[in-house]
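Listed below are the residues making up each chain.
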Amino acid sequence: MMQLWHDRTLRFFSACAVLFGVFVASFAPYVSLLGITFFGLSDQMFALQMTATLLVSVATSVGVGILTDRHPLRRVFALIAMGAICFALFLVWTFGNLTAFLIAHVLIMPLGGTIFGQVFAVMRLYTSHLPASTRDSLTSTIRALFAVPFIIVLPIWGWAFDSGVQLTTLYPIVFLIMLAMTALVYFEWPADANAPWTEEKSTLSFTQSLREVLASNIVWRLFWMGAIHTGSTLMGVLLALVFSEANGRGPGDVGLFFGTFVALEVVVMFTVSPLLRYMRRLHIIAMGAAFYAVFLGLLPVLAPFALVWVLILPVAIGGGLLYGLTITYLQDLLGSRAGAGASLVALQRLVSEGLAAVIFALGTWLGGYHIAAFMGALVIVAGAVSLLWIDRQNA
């Protein structure tokens, strides 16, 4: 932790994580309300829009990751990403119609979202000389800082909207915050010509790089890590639905549960650093998966009872142990190619959300939300066991 605060470049990465966290925390809970209730999309059209956004996000993340390894113009690509975010927000703010909303969220914001992977890619290069446990610790800490705005921003927006502030106020306010982040990137992102790290330009063609990303030894690890992370995706879908079926549970309970576990999750992320002194990275990931599986399996059982609040602990511990270490695990799969390694995070998200959609559809068809939760818990455990088996020699 002390190293993080005393290093100017690491402080810059931290500031980027916090500011981008404000952007994500502002839109993630409300994009469905914006699309359906304000801009008039049907449920089916919104589902299609979300699928299209996910696919474009993955394609742009992988593309930018490979391009920045072949043409190390990382500051240029970072400024392009920030420009895309600002333009998308300004577009919806200015025109305020469905066309602007779809263009911004489906086509432009995914390019802007690559800034998150780019920050961690450059951080990987900057900390490459450090021991693996130190890199893991720093990455987990900065990932925790990304989550901090969720604790602060969500209650503020909730209060504002309850007070009658229009939902589209998100766009001008977040636009100003992203302008500040753009200025930060412009003035503080190290110039490529004299960057404080050593980088070897990838000699692979775009096709060869893509083939490397999709190699079998990487794809299976990516798949099983995606299986582990289905838990967080399913939790986002099932928590409100399971609570709505339980007597005496309402939206207020959902918000309180979500806010409390996110706050504790951030605390757990800060404890990963000392934990790495005693346990190997993949063992910590597997332990986090076990906690998440316990939470998901017990959620539909305990939802009607006061004991459901105890589940805040396993979901917070599970998420806190998983998120930061997953980034470095995936980056290490491609070694020195930091950009392509960071793009694996987007591919893992595609696997996670795809599996979660299948589990939710099959589980609700077989019997209800509780079946989907049980299936999710089993998939998480299967992912953790499979990863431990694949990497049994260096877990």
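Residues numbered from 1 in each chain as written. Predicted model: local features only at pLDDT ≥ 70, side-chain atom pairs only at ≥ 80, totals over all residues. Heavy atoms only, no water.

Draft legend 1. Representation of the packing of aromatic side chains. Counted according to the given criterion, the structure contains 29 aromatic pairs. Seen in terms of ring centroids, Phe 13 and Tyr 126 are 6.2 Å apart; in terms of plane orientation they differ by 75 degrees. Their pairing is edge-to-face. You can see Phe 13 sitting in helix α2 (residues 8-27) and its partner Tyr 126 sitting in helix α7 (residues 114-126), a full 113 residues away along the chain. Tyr 126 sits in the buried class, given a relative accessible area of 13%. Ring geometry for Phe 39 and Phe 101: centres 4.8 Å apart, planes at 25 degrees, overall stacked. With Phe 39 in the loop between α3 (31-38) and α4 (43-70) and Phe 101 in helix α6 (residues 98-112), this residue pair connects regions lying 62 residues apart in the sequence. The class for Phe 39 is buried, based on a relative accessible area of 9%. Taken together, the ring pairs in this structure connect Phe 20, Phe 23, Phe 27, Phe 116, Phe 120, Phe 146, Phe 150 and Tyr 171 into an aromatic cluster. (Phe/Tyr/Trp six-rings, centres within 6.5 Å; stacked < 30°, edge-to-face > 60°. Helix = DSSP H or I, 4+ residues; strand = E, 2+ residues; numbered from the N terminus. Buried < 20%, exposed > 50% of the residue type's maximum accessible area, 1.4 Å probe, protein only.)

Draft legend 2. How the structure looks around empty space enclosed by the protein. If you walk through the whole model with that rule in mind, you get one cavity of 30 Å³ or more. Roughly 40 Å³ of volume is contained in the largest cavity. What lines the largest cavity is simply Phe 120, Met 123, Arg 124, Thr 127, Arg 135, Thr 139, Thr 328 and Gln 331. A per-element tally of the lining of the largest cavity places α7 first, with three residues. Residue classes in the lining of the largest cavity are distributed as two nonpolar, four polar and two charged. (1 Å grid on protein atoms, 1.4 Å probe; cavity = no way out; pocket = protein on both sides within 12 Å on 5 of 7 lines; lining within 4 Å. Points joined across faces, edges and corners; volume = space filled by probe spheres on them. Nonpolar A, V, L, I, M, F, W, Y, C, P; charged D, E, K, R; others polar.)

Draft legend 3. Fine view of the side chain of Ser 386. Examined against the element boundaries, Ser 386 turns out to sit in helix α17 (residues 369-390). Take Ser 386: its relative accessible area is 17%, and that puts it in the buried class. Reaching out from Ser 386, the side chain makes a polar contact with the backbone oxygen of Ala 382 at a distance of 2.7 Å. (Polar contact = N/O pair within 3.5 Å; in protein donor to acceptor, adjacent residues only side chain to side chain.)

Draft legend 4. View of the packing of helix α12 (residues 230-245) against α17. For the pair α12 and α17, interaxial distance at closest approach is 10 Å and the crossing angle is 160 degrees. Here α12 lies roughly antiparallel to α17, going by the angle between them. For the element pair α12 and α17, the recorded crossing hand is left-handed. Packed against α12, whose contacting residues are Thr 230, Gly 231, Leu 234, Leu 238, Leu 241, Val 242 and Glu 245, the element α17 presents Tyr 369, Ala 372, Ala 373, Gly 376, Val 379 and Ile 380 at the interface. (Axes fitted to C-alpha atoms, helices over the stretch in contact; angles between N-to-C directions. Parallel < 35°, antiparallel > 145°, perpendicular 65-115°, else oblique. Left-handed = near helix turned anticlockwise from the far one by under 90°. Contact = heavy atoms within 4.5 Å.)

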